[in-house]
Amino acid sequence: GRSVSQFKREFNELYGLPPHQWITKRKLERAAFLLHTSDKSIEQVAEASGFVSQPHFARVFKKCYSMTPTEYRAKQNKG
């Protein structure tokens, strides 16, 4: 019963992020969890986390975590 712009505004007020960024953040959190806890390939992690392609996933992941998914996995497995 509300307009798209009203929904986005209310969502942003409630969660502190626009809907698209909130969803991307949740996907990245899921991917980080899978990288740490599973032996899935990077492509499988990308797919299981809801990303359209592995290259897109790797770019978004690196932008958020300042390292590639492979580097993240290696760092998590050392600690």
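Data block above holds the structure.
Calculation notes
Residues numbered from 1 in each chain as written. Predicted model: local features only at pLDDT ≥ 70, side-chain atom pairs only at ≥ 80, totals over all residues. Heavy atoms only, no water. Helix = DSSP H or I, 4+ residues; strand = E, 2+ residues; numbered from the N terminus. Rg over C-alpha atoms; globule rule 2.2 N^0.38 Å. Buried < 20%, exposed > 50% of the residue type's maximum accessible area, 1.4 Å probe, protein only. Expected span 1.5 Å × (residues − 1). Contact = heavy atoms within 4.5 Å. Core = buried A, V, L, I, M, F, W, Y, C linked by side-chain atoms within 4.5 Å. Phe/Tyr/Trp six-rings, centres within 6.5 Å; stacked < 30°, edge-to-face > 60°. Lys NZ or Arg CZ within 6 Å of the ring centre and 35° of its normal.

## Comments concerning the overall build of the protein chain
- Summing up its helical and strand segments, the protein chain has five helices and zero strands in all.
- The order of helices and strands in the protein chain, counted from the N terminus, is α-α-α-α-α.
- At 15 Å, the protein chain has a C-alpha radius of gyration far larger than the 12 Å of a compact globule built from 79 residues.
- Oriented by its inertia axes, the alpha-carbon framework of the protein chain measures out at about 50 × 25 × 20 Å.
- Across the 79 residues that make up the protein chain, the buried fraction comes to 28%.

## Quick look at unusual backbone geometry
- Even without being a glycine, Ser 66 presents a positive backbone phi close to 60 degrees.
- What makes Ser 66 exposed here is its relative accessible area of 61%.

## Some points on helix H2 (residues 19-37)
- Between its first and last C-alpha, H2 extends 27 Å over 19 residues, near the 27 Å set by a 1.5 Å rise per residue.
- Buried within H2 we find Pro 19, Thr 24, Leu 28, Ala 31, Ala 32, Leu 34 and Leu 35.
- Against helix H1 (4-15), helix H3 (42-48), helix H4 (54-65) and helix H5 (69-78) lie the buried residues of H2.

## Concerning the nonpolar core
- Ranked by size, the top nonpolar core spans 14 residues in total, and within it Leu 28, Leu 35, Val 45, Phe 51, Phe 57, Phe 61 and Tyr 72 carry the most contacts.
- Only H2, H3 and H4 provide two or more residues apiece to this core.
- A per-element tally of this core places H2 first, with five residues.

## With respect to the packing of aromatic side chains
- Under the definition given, this model contains nine aromatic pairs.
- Seen in terms of ring centroids, Phe 11 and Trp 22 are 5.7 Å apart; in terms of plane orientation they differ by 80 degrees. Their pairing is edge-to-face. Here the residue Phe 11 occupies a position in helix H1, and Trp 22 occupies one in helix H2, the gap between them amounting to 11 residues.
- The exposure class of Trp 22 is partly exposed, given its relative accessible area of 25%.
- One Lys or Arg, Lys 27, reaches over the ring of Phe 51 and ends 5.2 Å from the middle of that ring.

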